[in-house]
Amino acid sequence: MKCHLFFAIAVVFLVIAATTTPLAWADAKSDYDYQYGQYRTGYSEFVILKQDYLNTPSLDNQQKAMLSAKQTILARDLAKASLHWYLMDLITGYQVDYGPIKPISTSLNIAREYFLAQAQKSQSIITQGDLKKFTQSYLNTVPANDSIVKFGIVANKIAALVRIQVDSKTALETLIPKLPSPMPTVLSARVQELQESTKVIDRKIDLLANNLNLSDAVAESVTEIFFMARVEKLIEIRALQLDWINRLIDIDINYVQPQI
């Protein structure tokens, strides 16, 4: 049950649907908060009951520890499933039709279904033998599903960048008819520069998105630089977008014709 690191990473970078298992809340964020809280509480109780059993290995203490383990596994996998749902919900919320991140959304949903199935499967655990068998199977299959969440976090950030691009292009298209006609040479050059800058930013986003290698997800996601290199690119692109927006605002302030 060593999944504290998994949740810690997820929480840090985030503060960056029918199912066979009932969900606690109607929206993804509330459900994740609830399920993660259940897991934290359950894990803390399990640690205490496990220690009680180790100190006093009675049948009663063994049963209490087993029941707690079973409930903690349930809470853990429901929390993981909910985290994947939350990421899918965030990505969908940007309402962008962007091909490079679609496979990640699909993989998030597959992983979510996996964790829901594991949560349900865990409830058949009765004996220590059952727990050992479940754990071994879980350890063999969970790495590929755990790895996807990192890709989902990056895909969410990329979707945000794409949304800004879509809105920026719309803003420029809306602004152009309000500019002097014919445009002064200086203004025409500035508008053309914005249009060219848009293409540069688009290419940088595409390069970042197309470098998310799902085919080697497990090996790539465990490297220490998985986020580091991509965060640098995200910051660079966001800075270019902010500069672009500031230049658009300057044109709006200085060149838009008064409406009669």
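All values derive from a computational prediction rather than experimental measurement.

Sorry if this is basic, but what is going on with the environment of Thr 141 here?
Along the polypeptide, Thr 141 turns up in helix α5 (residues 128–175). We classify Thr 141 as partly exposed; its relative accessible area is 34%. Sequence separation between Thr 141 and Tyr 114 is 27 residues, and the spatial gap between their C-alpha atoms is 9.4 Å.

Quick question: what am I supposed to make of the packing of aromatic side chains here?
Note on aromatic pairs: each is described by the distance of the centres and the angle between the planes. Applying the stated rule across the entire model yields nine aromatic pairs. For the ring pair Tyr 39 and Tyr 43, a centre distance of 5.9 Å and an interplane angle of 40° mean the geometry is tilted. Of the two residues, Tyr 39 and Tyr 43 both sit in helix α2 (residues 28–55), four residues apart, roughly one turn of that helix. Using a relative accessible area of 2% as the deciding quantity, one classes Tyr 39 as buried. Note on Tyr 114 and Phe 115: the rings are 5.0 Å apart at their centroids and 75° apart in plane angle, and the pair reads as edge-to-face.

Any chance you could explain unusual backbone geometry here in plain terms?
As a rule of thumb, non-glycine residues mostly have phi less than zero, and peptide bonds are mostly trans rather than cis. Of note, the amide linkage connecting Ser 181 to Pro 182 takes the cis form, showing an omega dihedral of 0°. The topology assignment puts Pro 182 in the loop between α5 and α6 (185–210). Here the phi dihedral of Gln 95 falls at roughly 55°; this positive angle occurs in a residue that is not glycine. Along the polypeptide, Gln 95 turns up in the loop between α3 (59–93) and α4 (102–122). Residue Gln 95 is classed as exposed on the basis of its relative accessible area of 67%.

Analysis parameters
Residues numbered from 1 in each chain as written. Predicted model: local features only at pLDDT ≥ 70, side-chain atom pairs only at ≥ 80, totals over all residues. Heavy atoms only, no water. Helix = DSSP H or I, 4+ residues; strand = E, 2+ residues; numbered from the N terminus. Buried < 20%, exposed > 50% of the residue type's maximum accessible area, 1.4 Å probe, protein only. Phe/Tyr/Trp six-rings, centres within 6.5 Å; stacked < 30°, edge-to-face > 60°.

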